[in-house]
Amino acid sequence: MGSVSDSFSRNNGEAVGLYDKRLKNDGDEVIYQIYPSTFADSNGDGHGDINGITSRLDHPQNMGYDAVLFTPVYNFKPGPEGDGGYAVEDYCSIDPAYGSIEDFDRLIEEAHKRGLKVYIDFVLPHSADTHSWFKASSDPAHPEHEKYKDHYVWHPGNPVEGKERPGLPNNWKTVFGKPGADSAWTWNDKREAYYLRHFLPSQPALNLNLEHVRKAMYEQVKFWIDRGVDGVRNDSGSYANCDPQYRDNEWLRGHYPYEGLGWGDQYFSNSMCQESTNDLVREMRECFPDSMITAEVIAGAPGGRESIEIASEYVKAGMDYCYTTYERAIGSSKAGYIRGLLSYIETKFPEGGMWYTISTHDGYDESPRTYTRVANYVGPEYADIAYRQTLQLFMSVRGMVSFFQGDELGLPQARIGTDIPYDKIQDPIADTKGMQYCRDGSRTPFPFDSTKKNAGFSTSDNPYLPVPESHRALAVDIQEKDPNSTLSFTKDLIHWRKQQPALKKGTLNILNTYGDTLAFLRESDDQTVLCAFNLSGNSFPFTPSDVLDQEKLEELGLRTGDVIEFAPYGAAIIGANRPLFNAKLIPAPSPSLGQDRPKEFSLSL
Ligand code: BGC
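Residues numbered from 1 in each chain as written. Predicted model: local features only at pLDDT ≥ 70, side-chain atom pairs only at ≥ 80, totals over all residues. Heavy atoms only, no water.

(A) Summary view of the overall build of the chain. Regarding its fold elements, the chain presents 19 helices and 23 strands. Relative to the globule expectation of 25 Å for 605 residues, the C-alpha radius of gyration of the chain, 25 Å, shows essentially globular dimensions. Each principal axis of the C-alpha distribution contributes one length, and for the chain these read about 95 × 60 × 50 Å. The buried share among the 605 residues of the chain stands at 63%. In the chain, 69% of the contacts between residues at least 6 apart in sequence involve partners at least 24 apart. Carbon and sulfur atoms make up 50% of the accessible area of the chain, which amounts to about 23,000 Å² in all. (Helix = DSSP H or I, 4+ residues; strand = E, 2+ residues; numbered from the N terminus. Rg over C-alpha atoms; globule rule 2.2 N^0.38 Å. Buried < 20%, exposed > 50% of the residue type's maximum accessible area, 1.4 Å probe, protein only. Contact = heavy atoms within 4.5 Å. Areas by Shrake-Rupley, 256 points an atom, 1.4 Å probe, with all protein chains shown as cover.)

(B) Highlighting helix α8 (residues 211–225). Counted at 1.5 Å a residue, the expected span for α8 with its 15 residues is 21 Å, and the 21 Å between its end C-alpha atoms agrees. Residues V213, R214, A216, M217, Y218, Q220, V221, W224 and I225 constitute the buried set of α8. (Expected span 1.5 Å × (residues − 1).)

(C) Quick peek at the packing of aromatic side chains. Here the structure, examined in full by the defined rule, presents 34 aromatic pairs. Ring centres 6.1 Å apart and planes at 20° place the aromatic pair W133 and Y148 in the stacked group. Placement of the pair is W133 in helix α6 (residues 132–137) and Y148 in helix α7 (residues 145–148), with a sequence separation of 15 residues. In this structure Y148 comes out as buried when scored by relative accessible area, which is 10%. The interplanar angle of 25° and the centroid separation of 5.7 Å between the aromatic rings of W172 and W185 together place this pair among those described as stacked. Here W172 is found in the loop between β6 (154–155) and β7 (173–178), whereas its partner W185 is found in strand β9 (residues 185–188), with 13 residues between them in sequence. Accessibility assignment for this pair places W172 and W185 in one class, buried. Taken together, F70, Y74, Y91, F104, F122, F223 and W224 form an aromatic cluster joined through their ring pairs. The lysine or arginine in question, R56, covers the ring of F448, its NZ or CZ lying 3.9 Å from the ring centre. The ring of W496 has R578 lying over it, and the distance from NZ or CZ to the ring centre is 4.6 Å. (Phe/Tyr/Trp six-rings, centres within 6.5 Å; stacked < 30°, edge-to-face > 60°. Lys NZ or Arg CZ within 6 Å of the ring centre and 35° of its normal.)

(D) Quick look at the site of the ligand. Close contacts around the ligand come from 14 residues, with D83, D235, E296, D362 and R439 the closest. One of the side-chain N or O atoms of D83 is found 2.6 Å from an oxygen atom in the ligand. Between the ligand and R439, the relevant distance is 2.9 Å, taken from an oxygen atom to a side-chain nitrogen or oxygen of the residue. Bound to the protein, the ligand loses 98% of the 310 Å² it would expose on its own. Of the residues in the shell around the ligand, the class split is three nonpolar, four polar and seven charged. (Near = heavy atom within 4 Å. Polar contact = N/O pair within 3.5 Å; in protein donor to acceptor, adjacent residues only side chain to side chain. Nonpolar A, V, L, I, M, F, W, Y, C, P; charged D, E, K, R; others polar.)

(E) Region of interest: the packing of helix α9 (residues 276–287) against helix α10 (residues 307–317). Orientation of α9 relative to α10, taken along the N-to-C sense of each, is 35°, at an axis distance of 8 Å. The way α9 lies across α10 gives a crossing that is right-handed. Contacts from T277, N278, V281 and R282 in α9 reach E313, Y314 and A317 in α10. Within the contact of α9 with α10, the residues separate by chemical class into three nonpolar, two polar and two charged. (Axes fitted to C-alpha atoms, helices over the stretch in contact; angles between N-to-C directions. Left-handed = near helix turned anticlockwise from the far one by under 90°.)

(F) Expanded view of the sheet that holds β6. Read across the open sheet, the three strands follow the order β6-β10-β9; overall the sheet is antiparallel. A single partner strand is all that each edge strand has here, and the edge strands are β6 and β9. Relative to strand β10 (residues 193–196), β6 runs antiparallel, the two sharing two bridges. Residue pairing for β10: W154 is matched across the bridge by Y195. (Pairing = 2+ DSSP bridges.)

(G) Region of the structure containing the pattern of salt bridges. This model, assessed by the stated rule, comprises 36 salt bridges. Across the pair K117 and E29 runs a salt bridge, and its minimum N-O distance is 2.6 Å. A residue pair is termed long-range when its members are at least 10 positions apart, and K117 in strand β5 (residues 117–122) and E29 in the loop between α2 (21–24) and β1 (30–34) qualify at 88 residues. Here E29 falls in the buried class, since its relative accessible area comes to 2%. D121 serves as the salt-bridge partner of R233, at 2.8 Å between the closest nitrogen and oxygen. (Salt bridge = Lys/Arg side-chain N within 4 Å of Asp/Glu carboxyl O.)

(H) Inspection of the nonpolar core at higher detail. Membership of the largest hydrophobic core comes to 125 residues, with the highest contact counts inside it found for F104, F403, L518, F520 and F533. Per element, the largest residue contribution to this core is seven residues, and it comes from α8. Setting aside residues no more than four positions away along its own chain, L518 makes contact with A335, I338, R339, L342, L393, T513, C531, A532, F533 and L535. With 18 residues, the next largest nonpolar core counts L553, I564, A572 and L580 among its residues. (Core = buried A, V, L, I, M, F, W, Y, C linked by side-chain atoms within 4.5 Å.)

(I) Highlighting the side chain of H361. One can find H361 in the loop between β16 (355–357) and α12 (370–378). Accessibility expressed as a relative area gives 1% for H361, which makes it buried. A polar atom in the side chain of H361 sits 2.9 Å from the side chain of Y86. Residues in contact with H361, not counting those within four places in the same chain, are Q33, Y35, T71, Y86, R233, F404, R439, S442 and R443.

(J) Region of interest: the sheet that holds β16. In spatial order, the strands read β15-β14-β11-β5-β2-β1-β17-β16; together these eight strands make up an open sheet with parallel pairing. Two strands close off the open sheet at either side, each with one partner strand: β15 (321–323) and β16. Strand-to-strand twist across the sheet, computed as the mean angle between neighbouring axes with direction ignored, equals 25°. Across four bridges, β1 lies against strand β17 (residues 400–404) in parallel orientation. Looking across to β17, one finds that Q33 is bridged to F404. Along the sheet, α8 contacts β5 and β11 (231–234); its crossing angle with β5, the most-contacted strand, is approximately 155°.

(K) Region of the structure containing the confidence of the model for the chain. Here the chain shows a mean pLDDT of 92. Residues at 70 or above account for 91%. Long-range and interchain partners of residues 597–605, a stretch whose pLDDT sits below 50, account for 23 contacts in this model, where long-range means more than four residues apart. (pLDDT = per-residue confidence, 0-100.)

(L) Representation of α12 in the model. Within α12, seven of the nine residues are buried, which leaves the element mostly enclosed by the surrounding structure. Listed in full, the buried residues belonging to α12 are T370, Y371, T372, R373, V374, A375 and V378. The inward-facing, buried residues of α12 contact α13 (383–394) and β22 (563–574). The positive-phi residue at the C-terminal boundary of α12 is G379, with phi of around 95°.

(M) Molecular detail of the pairing of strand β2 (residues 67–70). Burial along β2 is two-sided: A67 and L69 facing one way and V68 and F70 facing the other are all buried. In terms of strand pairing, β1 meets β2 through four bridges, oriented parallel. Note on β2: the bridge partner recorded for Y32 is V68. Both β2 and β5 contribute to a ladder of four bridges, which runs parallel. Bridging from a neighbouring strand, A67 pairs with K117 of β5.

Structure representation (structure tokens):
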């Protein structure tokens, strides 16, 4: 694949060393994901924009994030078919709804001035059906048809006796459809063929099995890297390649041939999750040795090629981090499950590389913003405490962590139909897949100022999405004055983590606890940290010396017989100068001097 990267080699063609995040930065980062349509509107048109973000960069800077990540702001197909920016018409542009390319250059400059890296969301697997390439590819009469005819995944279909139009190429399903109306193939009259679209019909899949198409996409990435962008999130990374023989996917055991089969009833053995994507990752790394390269990895049901395994292959192939949906079990699962999950992740990511997303812009009823997910799991009585425990757990595990706008405020998922009236819905899959999948509940405007219209997001009477009253009460202006607020807690947590080498660069070893206790060691050359959590609403003791040897106890300033008395959803992070959270340390009696330490002391290390 060397030829693809030749045109990208820098330093006059000298071999460039592969990007090593542990050399290029000081370890696993904490980043802030912004949904530009609803973060800040600078011109009062109701739509968030780049200048609005630039005017608010002090916020991520003050919070201590290492970088800001934006969902797409390129020219995209207008209206619902634009999928909120993920149906791209021109990758090397800025959509007028967000501003201009000069605005974006200024954003990069202002972010860098504040020590914030800039990551963009690159929609690798598909463009819009209004992209110039697809217009040429789908129209044999187009002057550039020959050049672009293979840029997308086309299939003639399978002849059906007595039918004019051929039948579907195979059984592949779209993730954005309803059972029975959800083929991943859409017929195009001009081309008289089907094209593959894993998402909406307006999002035709690029044929990344072909080298010249991959190279065309890398050119688009290079455009932004050359403008100073520090890295990319590859959208839908596992959808990049499909089986070149277009063979059927396997149905989940026992799911076929029942009616109402949909995307989730298949193993994605052929439609996506191809080994060839590892080659694409290697090419990207060769092309962009100094950039942060990450991806979202969504794969099929457990039992097939599943997402953590696939994500680990991308990291081995040269990506820095990947996220899946499995990590979102943190905060709403039993300790035993999390022990298993973290152990599995460690076996798959021996050099690190997991990206823990606290929330993302894709939250919906069944998989909402993490505050709501935790509150649903633990109940209203413990929601705030369990959410703060969850944030501490996310910041203790090994990997990159991202907060989605509003996570730092503890925003709950907005309710479709009440907080967001049905006639204000923006997300197209509310229609194509079902209202229960609508993601607008996680995409509402960021509430900066409770005293202002639309909580400071916009002066418009018609904001992109309404601000729920419950969010206004959680706005930045209110919380920043309260030292006990979620915002203050989160800001302290992020700044604290930046000072802990073991949490940024260290290894992770799960300790052999049982029941509701989750505990693991994080270790680097210069720090040992015990991270212990009570993932339940019960109170109980935890004795570190039951799971740690004398050497480790001493490194932590602990003694045999010391007991951590956990209250519900307590957290004890020891060795990192952090007060215990909903827990206290009962020191072991010292045999020679009786209790030579006060009965209880908060271990201020
Ligand atoms: C994005 C979604 C988007 C889809 C299609 C996902 O990775 O997170 O918001 O609708 O890809 O591009």
